Amino acid sequence: MRLVLSPLDLCHAFLCIGLMLFGDGGVSSVLALGASIICSKMPGLAPRQRAFCQNRPDVMVAVGAGTRIGLEECQYQFRYHRWNCSSLSDRTIFGQELKVGSKEMAFTYALLSAGIAYAITNACGQGNLSDCGCDKEKQGFYDKDNGWRWGGCSADVRHGIMFSRDFVNAREVKRSARTLMNLHNNEVGRKTLEKSMKLECKCHGVSGSCTMKTCWMTLPNFREIGFTLKEKYKKAVMVEPYRARRQRQPAFLIVKGPHSYQKPTETDLVYTDYSPSFCEEDLVTGSLGTKGRMCNRTSTLEDGCALLCCDRGYNTFRYTRTWQCNCKFHWCCHVTCNTCSERTDAYVCN
Ligand SMILES: *[C@@H]1O[C@H](CO)[C@@H](O)[C@H](O)[C@H]1NC(C)=O
Ligand SMILES: *[C@@H]1O[C@H](CO)[C@@H](O)[C@H](O)[C@H]1NC(C)=O
Ligand SMILES: *[C@@H]1O[C@H](CO)[C@@H](O)[C@H](O)[C@H]1NC(C)=O
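Residues numbered from 1 in each chain as written. Chains lettered and ligands numbered in written order. Predicted model: local features only at pLDDT ≥ 70, side-chain atom pairs only at ≥ 80, totals over all residues. Heavy atoms only, no water.

Looking at the state of the cysteines
Here, the word disulfide means a covalent bond between the sulfur atoms of two cysteines.
At step 1: For the structure on display, the rule yields eleven disulfides.
At step 2: Disulfide partner of Cys134: Cys153, at an S-S distance of 2.1 Å. Around the S-S axis, the bridge from Cys134 to Cys153 shows a dihedral of about -105 degrees and counts as left-handed. Of the two residues, Cys134 is situated in the loop between α6 (103-125) and β1 (142-143) and Cys153 in the loop between β2 (148-150) and α7 (157-169); the sequence distance between them amounts to 19 residues.
At step 3: Shown here is the disulfide that connects Cys332 with Cys333, its sulfur atoms set 1.6 Å apart. (Disulfide = S-S within 2.5 Å. Helix = DSSP H or I, 4+ residues; strand = E, 2+ residues; numbered from the N terminus.)

Topic: the environment of Asn169
At step 1: Along the chain, the position of Asn169 falls in helix α7.
At step 2: Using a relative accessible area of 19% as the deciding quantity, one classes Asn169 as buried.
At step 3: Sequence separation between Asn169 and Arg48 is 121 residues; the distance between their C-alpha atoms is 9.9 Å.
At step 4: Once you skip the residues sitting within four places of it in the chain, Asn169 turns out to touch Ser164, Leu183, Asn186 and Arg190. (Buried < 20%, exposed > 50% of the residue type's maximum accessible area, 1.4 Å probe, protein only. Contact = heavy atoms within 4.5 Å.)

Remarks on the site of ligand 3
At step 1: Around ligand 3 lies a shell formed by Asn296, Thr298 and Ser299.
At step 2: At 2.3 Å, a side-chain N or O of Asn296 approaches an oxygen atom of ligand 3.
At step 3: Out of a free accessible area of 360 Å², ligand 3 has 28% covered by protein chains. (Near = heavy atom within 4 Å. Polar contact = N/O pair within 3.5 Å; in protein donor to acceptor, adjacent residues only side chain to side chain. Areas by Shrake-Rupley, 256 points an atom, 1.4 Å probe, with all protein chains shown as cover.)

Focus on the pairing of strand β4 (residues 212-218)
At step 1: Across the seven residues that make up β4, a large majority, five, are buried.
At step 2: Direction of pairing for β2 relative to β4: parallel, over a ladder of two bridges. When the bridges of β4 are listed, Arg149 appears paired with Thr214.
At step 3: In this sheet, β4 lies alongside strand β3 (residues 198-204) in antiparallel orientation, the contact comprising seven bridges. Paired with His204 across the two strands is Met212, which belongs to β4. (Pairing = 2+ DSSP bridges.)

Re the nonpolar core
At step 1: Trp83, Phe107, Met181, Leu193, Met197, Leu229 and Leu269 are the most contacted members of the largest nonpolar core, which totals 39 residues.
At step 2: Apart from the residues within four sequence positions on either side, Met197 is in contact with Ala155, Val157, Met217, Thr218, Leu219 and Pro220.
At step 3: Ranked by size, the runner-up nonpolar core spans 16 residues in total, among them Cys53, Met60, Ile120 and Cys124. (Core = buried A, V, L, I, M, F, W, Y, C linked by side-chain atoms within 4.5 Å.)

Some words on the site of ligand 1
At step 1: In the vicinity of ligand 1, the contacting residues are Asn122, Ala123, Gln126 and Asn128.
At step 2: Between a nitrogen atom of ligand 1 and a side-chain N or O atom of Gln126, the distance comes to 2.7 Å.
At step 3: In the model, an oxygen atom of ligand 1 is placed 2.3 Å from a nitrogen or oxygen of the Asn128 side chain.
At step 4: In isolation ligand 1 exposes 360 Å². Once the protein is present, 41% of that is buried.

Right, here's the structure in full:
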C-alpha cells in the first residue's frame, strides 16, 4: 500500500488528527513501520495523544476515519450557511480556529468527538482493532424483561466512547474557559451518539412466528448524529467561567445571565463567544467570507442571497442545464433517451 501524507495533511485544523491514508490493505504493517516517524512529525498533537499514536497506529487509522466523517457531516449540515465548515479543512488557517469559542466551534467539537467514537466502534465491530470486538456483555445473554436473546454482533459503543473521551480530551490540559467549553461539547457529542444507537432484531421460528427473537445493537447512520447536533447548535447556550474567590482558574461553567448560577445541562452545547458575522474573510476568526458563494434568489433563509451575501449583492449567471429525459426501454436490452435542456440562472455573491 501507499501512504501519502504530509504532516499538514495529518493535522486537522484544531484537533490535529486528520490522518489521510490512501491505499489498499496492509495499513497496520506500514503504519507500524512509519508510526513513530509519522506520529512525531504530526504537528499539534498533545504529548499524551502522541504516545497513543505511537503505541496504537491501528487505532489512529480509525481516528482519521472518524475525523473525516465528522468533517464531511459538518460540511453537509452547514452547506447553505455563511460559515460552511470549509475553513476547518483549509490548512492556510491552521491553528487559528482556537481563538473564538463560538457556537460553530461547539458544534464542530461535538461532531468530531462523536465521529471518532463512531469510527472506533465501527472498526471494533469489524474486527479491525486488537483490543475490542463485539459487545461481550450482550453476547448470548437472555433478556428476561424483553423476552429475547442478544445475538449477532452488538456494536460496543461504550468502548468507542471511552476511547474518544481518552483521546480527544487529552489535549484539553490547561484549565480555562475554553477547555471547559471543549470538554463539555465533546461529551455532548458522545452522549448524542450513545442515545442514537439502534436495536435491530430478527425473528426465528416456524414461518416467521417469532417464537424466538435475537437482537443486537447497531450504529445509526452518522447523518442522524449530524441532524441532532445541528438542532443543538441552534439552541446552544452561552456560558461564562465561574471562578471561586481567589482562584485564578475557572472551576466550572455557568449559564450566562444576570443572576444565574446555573450550570448548563449535560445535553446542551455551550459557547463562550459570539460568532463573527462570517461575511468577510478573517483568518483570525476562521471566516472565509461569502464572496463567490452560490445563493438562492427566492429563499428567505440562510441560503438566500440577501443573508448569504450579507447585502453586498450578487451576480446572475445564465447557463443551459442539460439532462437525459424521456428514456424508453427497448426489448431487449437497451435504453434510449432524449436530451432535454433548460436555461437556468445561477446567483453568486459579490
Ligand atoms: C477494516 O479493515 C478492512 C481491511 O483492512 C477495511 O477494508 C475496512 O474498511 C476496515 N473497516 C473499518 C471500519 O475500519
Ligand atoms: C464554502 O465557502 C468557501 C468560501 O466562501 C468556498 O470557497 C467553498 O467552496 C464552500 N464550500 C462548499 C462545500 O460549499
Ligand atoms: C430556493 O429556495 C426556494 C424557497 O426556499 C426553494 O423552493 C427552491 O428549491 C430553492 N432553489 C434551489 C435551486 O435550491
